[in-house]
Amino acid sequence: MTDHETLARLMADADVRQYDCYQCGKCSGGCPMADAMDLKPRGVMRCAQIGSLGRILNSNTIWLCTGCGACADRCPHDVNVPALIEEARYEAARRGLGRHDSEVLNKAFVANIKAFGRNHEMLLAGLYNVLALKPIQDMASVPHMLKKNLIGIKPNRIGATREIAELIERAEKWDDPMVATGRSQTPEVKK
Amino acid sequence: MKRYAYFPGCASESTAKSATLANEFVFGRIGIDLVEIEDWNCCGATSAHTLSSALGLALPARPLARAEADWPELDVVTGCASCYARLKLANHRVRADKSERYMVEKIIGKPYEAKREVLNFLDILSDPAARANIGAALLRRFKNLKAACYYGCLNVRPAEITGAENRENPMAMDEIAALTGAEPVEWGFKTECCGAAHQNDAALEARPLAGRILDNARACGADVILTACPMCQLNLEMRQGEYIRKREEKRTGKARFPLLDMVLPPDPEQAIPVLSITELLAVAMGAGGRRLALDAHFVPVGRLIAGALGGRESEAIL
Ligand code: SF4
Ligand code: SF4
């Protein structure tokens, strides 16, 4: 599949049409993360218009977008930029272009659910800090949380953990493009 | 008595202790019965859908399907904006798209028709009957308490899912807070994202989002920020010490060892307390300190409540 076709598929999955966007910039203007993004929401739409999939997939934008929806809500033409960003994130991950810290967090998060059915914040934050090599991030809050019994050492476990683990496996298989649609893995893009 | 199927969310079991105790107290007083969904699981929050779109729908769909089977006549309610967004989205997509419903049912291994609504606490507190009951249950009145009501992004957006009419300046929480005598302020960050989703994996980039909300609330004269989500609450509160320290470091040019935040609480002159809307209601309904966990806040709330209630009244609470 060429980049052109892949982009068309991402746009279709996100239900976004590139020429709905007339580059007014309202999305970037209201985006709380725009400061830190190397490609702002309007830029994502511009790249979609000119077919520059590689720039989207290699941007930090797709990993920094919080999904807050401000851009889509304010867009005069109802362009759902975060939906496109989400599809781009899946494509980037498929191509091995994931952002390390995001991957560490999200995988630890899902592993946590798989093991216990619910999330355990202390375990998650601790696991993340170890795996991402950020030992002191947020750790200043831990004594207060322990003292006030806000977090315990005991995980929040539910009865149906096995059922949840199987659910997660089925969902992950469903998303695998090989299984779901018979499409083959898309090739690497150049930066 | 009005009943809802209740999805507590993971935070209710740990960091949202004070809000959870307040929720129980308030809903008990106003005749709302929350029936906890049996064996509910994590909705996947902001992480699961980042990895897999199928998982992002299936995780919230499982407890919803369970609620539908056990309590077919009840709407589902949750007190967390992140859970609300995921549950509501799953409900919406399953209802709107047959192929998504097929996928979800296959993955969760249960039938799920998305017949009932998903609501948040602001929805059920704004119900006219609930509002009348709140009015009748209030025992104390706050004075000179300026409150910045913070709704957060996911309680209102995306509009086609939440059905929220006003995403820039919602008023539901302001109106509820005003019942207690608190004075809601006009401010600019009611629905700005606080960045909670990325405070772990992109801390450097996400910290300013919370900081700007704190600054705007103070600049608009608020004494307290009210929230309707434990994630927003934790994010705005827990990292305030760090935020204030960094701001001071920038101003004075002197750095301090970060872990000192552990022993030094945030400077009370600069910090702004954060309460959940239900905590405010609970105090106004006469809840004592033992019923709530007001001492569990990262930013102490004692001075605020003492000031707004007058000395004798607040002694009973704190
Ligand atoms: S707000 Fe909408 S039309 Fe304007 S630049 Fe952004 S996506 Fe394009
Ligand atoms: S959804 Fe993403 S791109 Fe849009 S305003 Fe929010 S953070 Fe920015």
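Conventions used here
Residues numbered from 1 in each chain as written. Chains lettered and ligands numbered in written order. Predicted model: local features only at pLDDT ≥ 70, side-chain atom pairs only at ≥ 80, totals over all residues. Heavy atoms only, no water. Pairing = 2+ DSSP bridges. Helix = DSSP H or I, 4+ residues; strand = E, 2+ residues; numbered from the N terminus. Buried < 20%, exposed > 50% of the residue type's maximum accessible area, 1.4 Å probe, protein only. Contact = heavy atoms within 4.5 Å. Domains from an automatic or database assignment. Buried area = accessible area lost by both parts, 1.4 Å probe. Salt bridge = Lys/Arg side-chain N within 4 Å of Asp/Glu carboxyl O. Polar contact = N/O pair within 3.5 Å; in protein donor to acceptor, adjacent residues only side chain to side chain. Nonpolar A, V, L, I, M, F, W, Y, C, P; charged D, E, K, R; others polar. Near = heavy atom within 4 Å. Axes fitted to C-alpha atoms, helices over the stretch in contact; angles between N-to-C directions.

K.L.:
Give a detailed account of the pairing of strand β2 (residues 32-36) of chain B, specifying residues and quantitative values.
P.N.:
As defined by bridge partners, strand β1 (residues 2-7) of chain B adjoins β2 of chain B across five bridges and the pair is classed as parallel. Bridge pairing links Arg3 of chain B to Asp33 of chain B in β2 of chain B.

K.L.:
Let's hear about the environment of Val118 of chain B: which residues, and what values?
P.N.:
Residues and elements named next belong to chain B. Note that Val118 resides in strand β4 (residues 118-120). Given the relative accessible area of 1%, Val118 is considered buried. C-alpha of Val118 to C-alpha of Pro170: the two residues are 52 residues apart in sequence and 19 Å apart in space. Discounting residues that sit within four places of it in the chain, Val118 has contacts with Leu64, Val76, Tyr84, Leu87, Lys88 and Asn91.

K.L.:
Can you explain the domain arrangement of chain B? Please cite residues and give values.
P.N.:
Frequently, the measure chosen for interface size is the accessible area removed from exposure when the parts meet. All names here are of chain B. Parsing chain B into structural domains produces domain 1 (2-121) and domain 2 (140-317). Taken residue by residue, the interface counts 24 residues in domain 1 and 24 residues in domain 2. Carbon and sulfur atoms supply 74% of the area buried between domain 1 and domain 2, which totals about 2,100 Å² over both sides. Three residues, Ser18, Phe25 and Ala81, lead the burial of domain 1 against domain 2; their summed loss comes to 25% of the area buried on that side. Across the domain 1-domain 2 interface, the total number found is zero salt bridges. Remark: the boundary between domain 1 and domain 2 carries four residue pairs in polar contact (both at pLDDT 80 or more). Taken together, the elements giving at least two residues each to the side of domain 1 that touches domain 2 come down to α1 (17-29) and α4 (81-96). Broken down by element, the residue count for the side of domain 1 that touches domain 2 peaks at nine residues, all from α1. Residue composition of the side of domain 1 that touches domain 2, by class: 13 nonpolar, eight polar and three charged.

K.L.:
Break down the site of ligand 1 for me, citing the residues and quoting the values.
P.N.:
Residues and elements named next belong to chain A. Around ligand 1 sit 13 residues, and of these Cys21, Cys24, Gly25, Cys27 and Cys75 come closest. Mapped by element, the contributors of at least two residues to the shell around ligand 1 are α2 (26-30) and α3 (41-50). For the shell around ligand 1, the class distribution of residues is nine nonpolar, two polar and two charged.

K.L.:
Which residues make up the domain arrangement of chain A, and what values do they have?
P.N.:
Domain assignment breaks chain A into domain 1 (3-94) and domain 2 (100-180). For domain 1 of chain A and domain 2 of chain A, the distance between their C-alpha centroids amounts to 28 Å.

K.L.:
Describe the interface of chain B and chain A, naming the residues involved and giving the relevant values.
P.N.:
The interface is formed by 65 residues belonging to chain B together with 58 residues belonging to chain A. Carbon and sulfur atoms supply 57% of the area buried between chain B and chain A, which totals about 5,300 Å² over both sides. Linking chain B to chain A there are five salt bridges. The partner of Arg167 of chain B in a salt bridge is Asp73 of chain A, with the nearest N and O atoms 2.8 Å apart.

K.L.:
Just give me the short version of the sheet that holds strand β5 (residues 146-150) of chain B, but keep the residues and values in it.
P.N.:
All names here are of chain B. In space, the four strands of this open sheet follow the order β6-β5-β7-β8, with parallel pairing throughout. Both edges of this open sheet fall to β6 (183-184) and β8 (274-276), since each of them pairs with a single strand only. As defined by bridge partners, β5 adjoins strand β7 (residues 224-227) across four bridges and the pair is classed as parallel. Note that in β7 the partner of Ala147 across the bridge is Val224. Relative to β8, helix α13 (residues 277-284) is tilted by about 80°, and along the sheet it contacts β7 and β8.

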